[in-house]
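Fold and contact review
The chain contents come next:
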Amino acid sequence: MVHFLHPGLSPRTIVPPDARKDVLGFLVVQEDASPYSLVNICLNVLIANLEKLCSERSDGTLCLPEHWCFPQELADRFVWLMTRQGKLTDRTASIFQSNRMKLKLVNIQKAKISTAAFLKAFCHHKLIELDATAVHTDLSIPDILSGLCSNSWIQENLRRLILDSTSIPRDSRLLFFGQLTGLRVLSVFNVCFRSEDLANVSQLPKLESLDISNTLVTNISALLTCKDRLKSLTMHYLKCLTMTKPQILAVIRELKCLLHLDISDHGQLRSDLAFHLLQQKDILPNIESLDISGSNYITDGAVELFIQQRPAMQFVGLLATDAGYSDFFSAKKGLRVAGGANISQISEALSCYRNRSCFMKEALYRLFTETFSTQITMPAILKLVAVGMRSHPLDLPVQFTASACALNLTRQGLARGMPVRLLSEVTCLLFKALKTFPHYQQLQKNCLLSLTNSRILMDVPFDRQFTTFIVRKILFFRFDAAKFVMRWLGKHESPKMQAMAVSITSILALQLSPEQIAQLKEEVFMAVKELLAIVKQKTAENLDDVTLLFTLKALWNLTEQSPAICRHFIENQGLAIFIQVLETFSETAIQSKVLGLLNNVVEVKELFPKLITEDMVKHISSLLHSKDLEVSYLAAGIIAHLTSDKQPWISCDLQRTALLQDLYATIQKWPSSSCKMTALVTYRSFKAFFPLLGNFSQPEVQLWALWAMYHVCSKNPSKYCKMLVEEEGLQLVCDIREHRNEYSFEAHLFLKASQQCYWSVSMPMPMVQ
């Protein structure tokens, strides 16, 4: 038995933001609340079953069936999805060796493949773009260039090459890009790229866009070679430059075709290059985008004047500067600003700097301050926070600040306007951060605070047509979350943290299957012991606060259909502690939770001798007559189970007979089985009722089982009527009716009602005469 769907829980439907007021937010909700594309679903299934579908070559690599042929766009997406899921390896990359896979746009970011695998899988295709950002060190830049240049078609037609954070062997000298004559876009961010390499690259006949940020370049004079064709130059954090500022500005002045320039600073250099650039009147006449974030001595006036003199300007980066705060930046139409002055600028910064941890941290800090007391749901901003966390999984400042922002953006009722898929992604990222930084307590607290949101834990729409892949992902998240939080219980944190951990445990326990709880046996046993300690402490202090309620609820949910945990509960003096709770508190909310757990325990027949005690019988008999129907119902359930077996009552049969008579009289006073309770008690299975239904020597026990099953079937026919048939309980009810005892009429009504319930939800059901 488990608890209950109280009215007032947040609805599963969400209201998208107004598209006229929040275009990005509207688009995010539309995208994340929609089903995945059929293409992605099919490719995910293919990736998950690759080993089964492919044959194996003699060298151990995989080969697709001969008759399979992929269109180019599908093949490109297949590579990207395999890479993103970490499935692109030497063994699997070999499926791209044949000409049946025609690749053009290849993304192998962070892939762990060797040089040999790269050459065989990709270098015979007609590639026009390659993104090899942060590939494994087994595949270095010289090896990539050598492989690409081995294909004459690629030499002439490769347009875009991204090599950010890719390794170069120490003994490597000049990087030979000269053969890639068709190259238009090159990025070597965070690479051991030197001035002589820049001289080589500057001679490429079609080069238009170059990123040399955070490299070892000391002199940029070689850029004069391509001054008549270079349209975009990014040189963020050029920490090794030895040129003077006038020399650097002289080079930039000659780049007449430049539309985008990024000279933003890391913050540690404290550069004033941008300050001097803004003073120049005869520089960058056609510029459309200028990024000077992190630069020193930048003022609103200087930036405004620079932009006014260049009417084509569409973007300016001002994050971590003193500029961006005047009305000019919000009033000028068509100008995007990446800064920290308001949500709009911060949003732009989060989008622009997703790959730069220094600026991501700064933007997240500004976002935390801006959203500390926000009352507005901002799904687009939360999506950008998730992107930042995913891009920098090993950066503690980014992860910590992002966790605080996620908390601001989802606390209280704000999560109701967020798509479940987005919430699931953010929470998974939070748990990933916890695993990466296990000793950083504030990060753990942020995560637990986020998890106390009922929508995040409970409002997962399984009734929608989600793919098996997504359902498994959500279930894994819950399992992982439960394991972490249960372990947290034993850390004896502050009362506030203890309350959060207990609250989360109670909700997660309801979401996990008995099989999953069994897998968490060690964690659950530890959690039960800690939860009982909390109950004992609260009872001794006579403190019926929210922590006590959540603790009782957690124990109720953990023991449901778990005999081993019920035994563990008894072995750790759980019965004595709960009797003390009943003697201390008279609130029906507490009584119902105590009785709910005891209902789970009495379903374990071997525990009967430990449960039939004077104190136990006294309290349960008293609560059977409670004015609260839920309390009376739960007390009746305990009595029904305990009295269903005569053996433990041999020495006190008269007491058992009195209990049965009392049970019958009480049920007769209850309203119809279709009545409303304060909370709707829910069941995962009817199997615990079947021994009661078949107990013809104790019709009082049968009556309670009939009433209970009829009650839930009338409230939720789509679930419970189906369960009744699938678990073969319908025949037991038929047997009661055919037995012609005093409850056959109740059984007949139940069967008829069950039929009507089935018809109402269009379900097939055996006919009952």
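First things first, this report covers the structure right here in the doc. (Residues numbered from 1 in each chain as written. Predicted model: local features only at pLDDT ≥ 70, side-chain atom pairs only at ≥ 80, totals over all residues. Heavy atoms only, no water.)

What follows covers the sheet that holds strand β11 (residues 289-291). Taken together, the ten strands give an open sheet; going across it, the order is β4-β5-β6-β7-β8-β9-β10-β11-β12-β13, and neighbouring strands pair in parallel fashion. Because the sheet does not close on itself, it has two edges, and the strands there are β4 (105-107) and β13 (336-338). Neighbour to neighbour, the strand axes of the sheet diverge by 5° on average, direction disregarded. Sheet analysis places strand β8 (residues 209-211) next to strand β9 (residues 232-234), joined by three bridges and oriented parallel. Each bridged residue has a counterpart across the sheet, and for Leu210 the counterpart in β9 is Leu233. (Pairing = 2+ DSSP bridges. Helix = DSSP H or I, 4+ residues; strand = E, 2+ residues; numbered from the N terminus. Axes fitted to C-alpha atoms, helices over the stretch in contact; angles between N-to-C directions.)

Before going further, it helps to spend a moment on the packing of helix α2 (residues 38-48) against helix α4 (residues 72-84). One way to put it is that α2 packs onto α4 with a least axis distance of 10 Å and a crossing angle of 60°. The angle between the axes of α2 and α4 places the two elements in the oblique class. The handedness of the crossing between α2 and α4 comes out as right-handed. Listed contacts from α4 to Val39, Asn40, Leu43, Asn44, Leu46 and Ile47 of α2 are Leu74, Arg77, Phe78, Leu81 and Met82. For the contact of α2 with α4, the residue count by class is eight nonpolar, two polar and one charged. (Parallel < 35°, antiparallel > 145°, perpendicular 65-115°, else oblique. Left-handed = near helix turned anticlockwise from the far one by under 90°. Contact = heavy atoms within 4.5 Å. Nonpolar A, V, L, I, M, F, W, Y, C, P; charged D, E, K, R; others polar.)

The next point concerns a nonpolar patch on the surface. There is a patch of nonpolar side chains on the surface, built from Val23, Leu24 and Leu27 and spanning about 290 Å² of accessible area. Inspection of the secondary structure puts Leu24 in helix α1 (residues 23-32). Residue Leu24 is classed as exposed on the basis of its relative accessible area, which comes to 53%. (Patch = residues over 30% accessible without salt bridge, like charges linked within 9 Å, V, L, I, M, F, W, Y side chains within 5 Å. Areas by Shrake-Rupley, 256 points an atom, 1.4 Å probe, with all protein chains shown as cover. Salt bridge = Lys/Arg side-chain N within 4 Å of Asp/Glu carboxyl O. Buried < 20%, exposed > 50% of the residue type's maximum accessible area, 1.4 Å probe, protein only.)

Side chains of Lys102, Lys104, Lys126 and Arg159 sit close together on the surface and give a patch of like positive charge. Here Lys102 shows up in the loop between α5 (90-93) and β4. (Lys, Arg positive; Asp, Glu negative; His and termini not counted. Charge placed at Lys NZ, Arg CZ, Asp CG, Glu CD.)

Let's shift gears to the environment of Ser209. Within the secondary structure layout, Ser209 lies in strand β8. With 23 residues separating them along the chain, Ser209 and Ser232 place their C-alpha atoms 4.5 Å apart.

This brings us to the packing of aromatic side chains. Applying the stated rule across the entire model yields 19 aromatic pairs. When the centroid spacing of 5.9 Å and the interplanar angle of 80° are considered together, the rings of Phe686 and Phe689 count as edge-to-face. We classify Phe686 as buried; its relative accessible area is 0%. The buried category is assigned to Phe689, whose relative accessible area is 3%. (Phe/Tyr/Trp six-rings, centres within 6.5 Å; stacked < 30°, edge-to-face > 60°.)

Moving on to the environment of Ser271. Structurally, Ser271 can be placed in the loop between β10 (260-262) and α11 (273-278). Residue classification places Ser271 among the partly exposed residues on the basis of a relative accessible area of 23%. Along the primary structure Ser271 and Lys245 are separated by 26 residues, whereas in three dimensions their C-alpha atoms are 9.9 Å apart. Sequence-distant contacts of Ser271, defined by excluding residues within four places in its chain, comprise Asp265, Ser295 and Asn296.

Moving on, we get to helix α32 (residues 653-669). The first and last C-alpha atoms of α32 sit 25 Å apart over 17 residues, in line with the 24 Å expected at 1.5 Å per residue. Of the residues making up α32, those classed as buried are Arg656, Leu659, Leu660, Leu663, Thr666 and Ile667. End-on view of α32: buried residues confined to an arc of 130°, all on one side of the axis. Exposed residues lying more than 90 degrees from the buried face of α32 are Leu654, Gln661 and Lys669. (Expected span 1.5 Å × (residues − 1). Arc of directions from axis to C-beta.)

Turning next to unusual backbone geometry. One non-glycine residue, Lys110, lies in the positive phi region at around 60°. Positionally, Lys110 belongs in the loop between β4 and α6 (115-122). Its identity as a non-glycine residue notwithstanding, Asn214 has a phi of 50°, on the positive side. Examined against the element boundaries, Asn214 turns out to sit in the loop between β8 and β9.

Ranked by size, the top nonpolar core spans 97 residues in total, and within it Phe78, Phe96, Ile108, Phe122, Leu161, Phe177 and Ile220 carry the most contacts. When sequence neighbours within four positions are dropped, the list of residues in contact with Ile220 reads Leu198, Ile212, Met235, Leu238, Leu241, Met243, Ile248 and Val251. Residues Ile565, Phe608, Phe689 and Trp707 belong to the second largest nonpolar core, which totals 83 residues. (Core = buried A, V, L, I, M, F, W, Y, C linked by side-chain atoms within 4.5 Å.)

This part is about the pattern of salt bridges. Under the defined criterion, the tally for this structure stands at 16 salt bridges. Its salt-bridge partner being Lys227, residue Glu254 comes within 3.7 Å of it at the nearest N-O pair. Here the residue Glu254 occupies a position in helix α10 (residues 245-254), and Lys227 occupies one in the loop between β8 and β9, the gap between them amounting to 27 residues. With a relative accessible area of 32%, Glu254 lands in the partly exposed category. Asp282 is the partner of Arg253 in a salt bridge, and the nearest nitrogen-oxygen pair spans 3.4 Å. Remark: Asp282 occurs in the loop between α11 and β11 and Arg253 occurs in helix α10; sequence separation between them is 29 residues. Judged by its relative accessible area of 48%, Asp282 is partly exposed. A network of salt bridges, in which partner residues are shared, links Glu51, Glu56 and Arg91.

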